[in-house]
Every structure is written in structure tokens, then in C-alpha cells.
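Here are the chains, one letter per residue:
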Amino acid sequence: MSGPGRKPLCLHTAPMRKFASMGGEAGTARQLAGLLRGGGGDLAAQRVARLVAEACAGVGPAESARQCAALRDSILQLCEDGTLTPTEARLLCREIDGAQAAMLDALSSPHRVLDALERALSDTPARDLPELVVQGALSADSATLLIGENGKLVIRATAGLEIPPDAADPRSVAHRALAEGSVVEASDTENARAVLAFPLQFGDELLGVLRVSSRTAWKYSDDEKRFLRAIATRAATLLAGDDPQARLRHTLRTFESLIEASPLPILSVDRNGFVQIWNRAAEELFGWQRHEVVGKATPLGSHDLEEALRIRQEIDDGRVIRNQEVRWQRKDGTHLDLALSAAPLRDPAGAVSGSIAILVDITDRKQREEQVVRTARFREHFVGIVSHDLRNPLTAIVTSAQLLLRYGELPERQARVVARIAASADRMARMIDDLLDFARSRLGGEFPIHPRRIDLRQICEQTVEELEFAYTRQVKLEVHGDPWGDWDPDRMAQVISNLVGNAVQHSEGDVEVTLRGESDFVVLETHNRGAPIPREVLPHVFEPGRRGTDRSGGLGLGLFIVQQIVLAHGGSIEVSSSESDGTTFTVALPRKGRQKP
């Protein structure tokens, strides 16, 4: 209680924030006092239970205890102030204690359930299962195991409160569950608020009933029902295990269930080749129903007769086959590529009496493998056509145009036409190079690079000079640090030409190129202040076929190929673009190129 030097806890302090939502410094306690005086103890008890449940939700036992203690202190403060009598304060505190105990009991319920399940699945005999039911189910105060004998129910074991004499009568809830073979739930009967009966079914046999009752709860929670169902299943298994014949039947049913539930086709044939087992997956894959094949010769015609005879001989010799690729026929005449795993079956004397096989459909995989082969052939043909058959006539066009311009003494108008032909042919040659690079990267080939020790500054200066001449524009080049490294000079020139060429084409102002040598990397940056790359295009700018603007020419492969060249050297490339800062491409190249394995 409170006294000199002790300040009582108030409802607005940190642990009481959930209670304080009702308003006022002592709002919760005052409202409980009003409910107690105006509506009686039952109404106040219901309100206390709800308040405690809300306050303890989602917190641990320690925090729950602190919040309930704070509520008690607030009620005692009202008693000291004269708002409540000591009797009324004690009544509310007892209700808080009861609600807190119920909450703590609920918080520990999952642990009790897990402990009960663990014990049930160990060596616990069937007669001890009712005790585990009472321990694991919070609502249950009585549990009984009843065995069916000659159409009647006989009590085998019980735990908790005493059950009424009519709990095993023909009109009882337990008897209904046995007769119907399903779970029966009833309320306000057999001297209990809630009665739940689970039939103990093992295969096709009904062995008895697990009856659970409660005199306090009107309904069992879903978690409790799942727990009780698990105990009932365990009870049925233990009761059936007392009979050797039942164990044998259970083993056979389990074996049959596993075969039928298998997602893979399983079939068995005897020594004469007659089908003995044909599961549902085999029906779905091959098209024949079970009644069409069982007891008859297997209808699966092999694509390779010699291979089929060899497999049959290996089985007859007692050997196991694993992942043997075969091609068998479906009912509609189509063929399937399969991976076959088979093992011999033996009779009691040890002789091979047949075989059992599991099959995996690998038709899609085989088709993908064939597609890969076709793609490789197409790649070879494509690269050959582009690099030889197209490049030869294009070279003739370029050479002829250059000869005409140099020695043809053409009039100005005709010279402009020939110059346009030469320029277009050069552009086509660059497109062919891009197509070849794209084909190598997309069709499974290595992106070709030939690194050697080079000065990247020299490559930059030569490439920038050529671009300045071609576009009659000035490009600012700055070099800082050591620019030497192991790279492919032709590919580096291609990277610089694409990036700087794009910057020149898409801007009117200055184009800046910076080459910066760092410890292990050399960084190349190109910057322009032209129109920014659209926001929706920026994340996909390195994808093939993407163009920054509608005015961009070519095949849209330039930045894709730049990225592939950089990646082939073990480097990285990034882009940023905005109205205020312009567009910057940043390439980081390791000085030591990536070594091929």
C-alpha cells in the first residue's frame, strides 16, 4: 500500500498506457468503481477481464504483471481517497488477480501443448493419453479413452473431473462419433458445457472414441481442436499397434498410399512382364487407366528394342538401374523421354519375381538440349553469313566508292552521291560489327577481348581526335594519374567512341571526357549537358534496342555492347542524368583484366 515516502503508481505512467487510453489520470480505476457500484460485481468482473486481456496482449509475463500491479495500485489509491471501500477494493483486486492468472495460463498454453505432444509421440502408452489431453488443452477438464467392443463403448482410461454415467450410452456424444465415424461437438449436455468426441480410426477400422469435456468453456478453440485431433490419431495408432495383423495391414496401406500419392509414375511388372502396380501419376502421364493395364502385358513400347532387352536382362540378373534414359510410347502414340530407375523384386526364396520402376519425364529437358544445339548451329551460320557473305560485298562497295572519289574525276553533284554511298557503307559496316558482337553475347558465345598492356590516355586522345574531326566539335579531355592497364585497345576505342559519340550527338554544348587513374582502377567519365535521358528510359538504357531519344540512329545496340565490353574486362558502368547536372557515364576498369579459367 502507499505510505510516507512512497508515491503510488498512477494510470498515466509508462506501464499503464494501455489502461490510460480510457482517459484521466485514474480513469480506468474510477470507471471500474462506477461499474461495481452501478452494475454489480459481475459487470465489473467482465470489464476487468477484458481490460487485463487487452493490456497483456502482445507482452511477456513480466510486463503483464507490471501493468496489473499498476492497476491494483490505482484502485488502492481510490480506496485511500475514500472513493472505494476496502471491501470493494479487495473485490476488484481479486478480479484482477483472477484475470491475470487466466492470462498467464493462456500465455503458457503453447508450451504445455508442445510438451504434451512430445510426450504423446514418445513411449507414452494409450492409457496415459487422457492425462496429456487435460494438461495440453486449456479448456478441457475431463478426458476419456473409450474402446469399441461388440458395438458398445467401454472406458479404457480417464483423467480430470469425473465423467457422468451416461457418457458411454448409445445416445451419448461419444457413441454418435463412433457410429458416424466423424468428430461430434455438443453443448450443454452430459453434465458439461462443451463435449467433443473424436473417433479413433485406423485405416478402415473404428477402434473407439476420445471424449473431451469442459464445465467452464462453451467452445474449444481451433488450436485446441488441432491438438486433440493429433492426440486422437496417436491413440488410434497405439491401439492398432497392439494387434500384429493390424500392424501388417497398416504397413501395406502405408506402402500403397505412398505409391498412389507419389508425383512420379511408379509401375511394377512380374517376371512375365504383366503389370502389377500402376499409380495415378502413371495414368496421367501415359494415358492408360489402371484397369486397362493391370494384369496385362505392359503397353509401353520402347523406341529402342535392343535397349529394352538389355534393361530387362539387367533386372533379371538382380541389378539396380539408375537414371537410364529411355523413350517410351503414350496411349495416343506420342513418345516421351524418360529417366528410368528400376530395382528387382524377389519372392520369399530370394529369386527375382519382377521389378518396380520409378520414372521421371525429361521430355522438356531433352527438347531444351536439342534447342541449345539448334541455337548453336544457328549462331555459327548467322555469324558466318554476317561476317563473310555480307562483309565481302560491303567491302567491294566501300572500295569502289573510295576509288571513284579519288580517281573518278566526278562532277560535284555525282561526287556528293558517291560520298553518301561511302558513308552509308561505313555505317553498315559498323552495324555489322554491332550485330556480330550482339550475336556472340546473346547466343551463348564468349564476348571476344584480347587484352594487353596499353596506355588508355593514348587511346582516348586518338579516338577523341577522330570524333572531333567527324562532328566538327571540340571535346575537352582531362587525364589525371596513371592511365596504364591490361585492356583490349580496339575494344577500349569502341567504348570511348560510343560514349563520346553519344554525348556529342545528344548535346549542343561542351562535352567533357575525364580519365582518372586510381590505385587498382582507371575511371573513364563522359559528361554533357544536353537533354537528360527520360526517367522511364534510364533504368533500361543498357538493354539492347533501347534508344535515349527518337532521333537516335543505329540499331540501339551501342550502349549494350559498351556494357558487355566493360563487363568482359571485369569492370562496371553506371549512368546518371538530370536536367540540372546533365548526363554522365562512368566506367571503372580494373588495371589487371579478368583472367579466363
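Just above sits the structure.
A quick note: this is a predicted structure, and the numbers were derived from the prediction, not measured.

Chemist: Just give me the short version of the packing of helix α17 (residues 489–505) against helix α18 (residues 558–568), but keep the residues and values in it.
Modeler: It is the contact of α17 with α18, at a shortest axis distance of 10 Å, that shows an interaxial angle of 140°. Both α17 and α18 take part in a crossing whose hand is left-handed. Contacts between α17 and α18 involve Arg-491, Met-492, Gln-494, Val-495, Asn-498, Leu-499 and Asn-502 on the former and, on the latter, Gly-558, Leu-559, Ile-561, Val-562, Ile-565 and Val-566. Residue composition of the contact of α17 with α18, grouped by class: eight nonpolar, four polar and one charged.

Chemist: Explain the sheet that holds strand β2 (residues 152–160) to me, and be specific about the residues and the numbers.
Modeler: Taken together, the five strands give an open sheet; going across it, the order is β2-β1-β5-β4-β3, and neighbouring strands pair in antiparallel fashion. Two strands bound the open sheet, and with one partner strand each, they are β2 and β3 (184–189). Direction aside, the axes of adjacent strands within the sheet are offset by 20° on average. Bridge analysis of strand β1 (residues 142–149) against β2 gives eight bridges, and the strand direction is antiparallel. Paired with Ala-143 across the bridge in β2 is Ala-159. Helix α8 (residues 173–180) rests against β1, β2, β3, β4 (192–202) and β5 (205–214) of the sheet, and its axis sits at about 160° to β3. Running over the sheet, helix α9 (residues 222–240) touches β1, β2, β3, β4 and β5 and is turned about 40° from β4.

Chemist: Describe the environment of Phe-286, listing the residues and the values that go with them.
Modeler: Counting through the fold element by element, Phe-286 comes out in helix α11 (residues 280–286). Considering only alpha carbons, one finds Phe-286 and Lys-331, 45 residues apart in sequence, at a separation of 6.0 Å. Not counting residues within four places of it along the chain, the set of residues in contact with Phe-286 comprises Pro-265, Trp-278, Leu-300, Trp-328, Gln-329, Arg-330, Lys-331, Leu-336, Leu-338 and Leu-359.

Chemist: Please provide a residue-by-residue account of the packing of helix α16 (residues 456–471) against α17, values included.
Modeler: Running from amino to carboxyl end, α16 crosses α17 at an angle of 40°, the nearest separation of the two axes being 9 Å. When the interaxial angle is binned, α16 and α17 end up oblique. With respect to the hand of their crossing, α16 and α17 are arranged in right-handed fashion. Contacts from Leu-456, Ile-459, Cys-460, Thr-463, Leu-467 and Tyr-471 in α16 reach Pro-489, Met-492, Ala-493, Ile-496, Ser-497, Val-500, Gly-501, Val-504 and Gln-505 in α17. Of the residues in the contact of α16 with α17, the class split is 11 nonpolar, four polar and no charged.

The rules behind these values
Residues numbered from 1 in each chain as written. Predicted model: local features only at pLDDT ≥ 70, side-chain atom pairs only at ≥ 80, totals over all residues. Heavy atoms only, no water. Axes fitted to C-alpha atoms, helices over the stretch in contact; angles between N-to-C directions. Helix = DSSP H or I, 4+ residues; strand = E, 2+ residues; numbered from the N terminus. Left-handed = near helix turned anticlockwise from the far one by under 90°. Contact = heavy atoms within 4.5 Å. Nonpolar A, V, L, I, M, F, W, Y, C, P; charged D, E, K, R; others polar. Pairing = 2+ DSSP bridges. Parallel < 35°, antiparallel > 145°, perpendicular 65-115°, else oblique.

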